[in-house]
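# Examination of the molecular architecture
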Amino acid sequence: EDQVTQSPEALRLQEGESSSLNCSYTVSGLRGLFWYRQDPGKGPEFLFTLYSAGEEKEKERLKATLTKKESFLHITAPKPEDSATYLCAVHYTGNQFYFGTGTSLTVIP
Amino acid sequence: SAVISQKPSRDICQRGTSLTIQCQVDSQVTMMFWYRQQPGQSLTLIATANQGSEATYESGFVIDKFPISRPNLTFSTLTVSNMSPEDSSIYLCSVEGGTIHTFGSGTRLTVV
């Protein structure tokens, strides 16, 4: 059974069209949920860590939220430079760290 | 957060040969992690490397295929041995700094 599931797999938005990416997880003993941005040919770039349900973090046009079963990455008025793959990862007891398969975001000018 | 220098950034290798990937961190870290990212897939943890002890490998990965060295608190290497085309992937090292996992820029390996 998948530990971490991201949806949608791919998302195309017009510039300025807000949307949300989803990361659902089934693990217990969550120590943290991470969001990363990955550009082609590069390693993941850290965005946010969330630790408990109800927590929210914001950075520029991005806002991450967390519930007991899922996290959302909200993108407000995206720009073409926001185009990337967004990965979530869950860190839970035993130092296990599992990544989702990512959402490929394309923002069209 | 830590800054990681990983090299080579890419390589094309013949099957049956080996490639060693280096990861240098600008600060001392206890744990270093090696991941593989196969085309179109997410990251999979290969092993965790602590300085002064044997690396801990995840299910499906073995030391003979992916030997790891961790000679000090700022450096690690991963060797991909006896390569086959199925080993073509991006290999990434990562370190844990507080609660943030920082990644190197990755090594794109193509085996022909």
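Above: the structure in question.
The structure contained in this document is the topic of the report that follows. For every chain, the first residue of its written sequence is number 1, and the numbers climb from 1 along that sequence. Here every chain gets a letter starting at A, and every ligand a number starting at 1, in the order they are written. Predicted model: local features are reported for residues with pLDDT of at least 70 only, side-chain atom pairs are reported and counted for 80 or more only, and whole-chain, interface and lining totals are derived from all residues. As a convention, hydrogens and water are excluded, and side-chain values are obtained from all of the structure's heavy atoms.

Every helix listed is a DSSP run of H or I at least four residues long, and every strand listed is a run of E at least two residues long, numbered separately from the N terminus. When you go through chain B residue by residue, the secondary structure sums to zero helices and 11 strands. As defined in this context, the radius of gyration uses C-alpha atoms, and a globule is described by 2.2 Å times the residue total to the power 0.38. Against the 2.2 N^0.38 benchmark of 13 Å for 112 residues, chain B shows a C-alpha radius of gyration of 13 Å, consistent with a compact globule. For chain B, the spread of C-alpha atoms along the principal axes amounts to about 40 × 25 × 20 Å. Any residue under 20% of the maximum accessible area for its type is buried, any over 50% is exposed, and the rest in between are partly exposed; the area is computed with a 1.4 Å probe on protein chains only. A total of 112 residues make up chain B; the buried ones form 49% of that total. Sequence-distant contacts in chain B: of pairs separated by 6 or more residues, those separated by 24 or more amount to 52%. All accessibility values rest on the Shrake-Rupley procedure with a 1.4 Å probe; residue burial counts only the protein chains present in the view. When the accessible surface of chain B is summed, it comes to about 5200 Å², and 48% of that surface belongs to carbon and sulfur atoms. For chain B, the distance from the average site of its 7 positive side-chain charges to the average site of its 8 negative ones is 9 Å. Residues are treated as being in contact if the distance between any of their heavy atoms lies within 4.5 Å. Only four residue types enter the tally: Lys and Arg on the positive side, Asp and Glu on the negative side; His and the chain ends are excluded. Charge placement uses NZ in Lys and CZ in Arg. For Asp and Glu, CG and CD serve respectively.

Note on soluble globular proteins: their nonpolar side chains tend to be buried together. Counting residues in each nonpolar core, the largest one holds 26 residues, and the members touching the most others are Trp-34, Ile-46, Phe-66, Ile-68, Leu-78, Tyr-91 and Leu-109 of chain B. Of all the secondary-structure elements, those providing two or more residues to this core are β3 (19–25), β4 (31–37), β5 (43–50), β8 (75–80), β9 (89–97) and β11 (107–111) of chain B. With four residues, the single largest contributor to this core is β3 of chain B. Dropping the residues within four chain positions of it, Phe-66 of chain B is found in contact with Arg-36, Ile-46, Tyr-57, Phe-61, Leu-78, Thr-79, Val-80, Asp-87 and Tyr-91 of chain B. Nonpolar cores are built from buried Ala, Val, Leu, Ile, Met, Phe, Trp, Tyr and Cys residues. Side-chain atoms within 4.5 Å join them into one set. If you look at the next biggest cluster of nonpolar residues, it comprises 24 residues, including Leu-47, Phe-48, Leu-62 and Tyr-92 of chain A.

Here the focus is the pairing of β3 of chain B. All names here are of chain B. Here β3 shows one buried face, formed by Leu-19, Ile-21, Cys-23 and Val-25, and one open face, formed by Thr-20, Gln-22 and Gln-24. Strands qualify as paired when DSSP identifies two bridges or more between them. For strand β1 (residues 4–7) and β3, the ladder comprises four bridges, and the chain directions are antiparallel. When the sheet's bridge partners are listed, Ser-5 is paired in β3 with Gln-24. Direction of pairing for β3 relative to β8: antiparallel, over a ladder of six bridges. Bridge pairing links Thr-20 to Thr-79 in β8.

Below, the discussion takes up the sheet that holds strand β8 (residues 70–75) of chain A. Residue and element names in this part refer to chain A. In spatial order, the strands read β1-β3-β8-β7-β6; together these five strands make up an open sheet with antiparallel pairing. The open sheet has two edge strands, β1 (4–7) and β6 (56–59), and neither has a second partner. Averaged over neighbouring strand pairs, the angle between their axes works out to 15 degrees when direction is ignored. Every angle, taken between N-to-C directions, lies between 0 and 180 degrees, and every axis is a line fitted to C-alpha atoms, over only the stretch in contact when it is a helix.

Right, let's get into the state of the cysteines. Any cysteine sulfur atom paired with another within 2.5 Å is treated as part of a disulfide. Per the counting criterion, the structure on display carries two disulfides over all chains. Here Cys-23 of chain A connects covalently by a disulfide to Cys-88 of chain A, the sulfurs 1.9 Å from one another. As the torsion about the S-S bond is roughly 70 degrees, the Cys-23 of chain A-Cys-88 of chain A disulfide counts as right-handed. Of this pair, Cys-23 of chain A sits in strand β3 (residues 19–25) while Cys-88 of chain A sits in strand β9 (residues 84–92), and the two are 65 residues apart along the sequence. The disulfide partner of Cys-23 of chain B is Cys-93 of chain B, and the S-S distance across this bridge is 2.0 Å. A torsion of 70 degrees about the S-S bond marks the disulfide between Cys-23 of chain B and Cys-93 of chain B as right-handed.

In this structure, Pro-8 of chain A follows Ser-7 of chain A across a cis peptide bond, with omega equal to -10 degrees. As for its position among the elements, Pro-8 of chain A is in the loop between β1 and β2 (10–14). Residue Pro-8 of chain B is bonded to the preceding Lys-7 of chain B through a cis peptide linkage, with omega at 0 degrees. The phi torsion at Glu-60 of chain A lies on the positive side, around 55 degrees, for a residue other than glycine. In this structure, Ala-77 of chain A takes a positive phi of about 45 degrees despite not being glycine. By the secondary structure assignment, Ala-77 of chain A is in the loop between β8 and β9.

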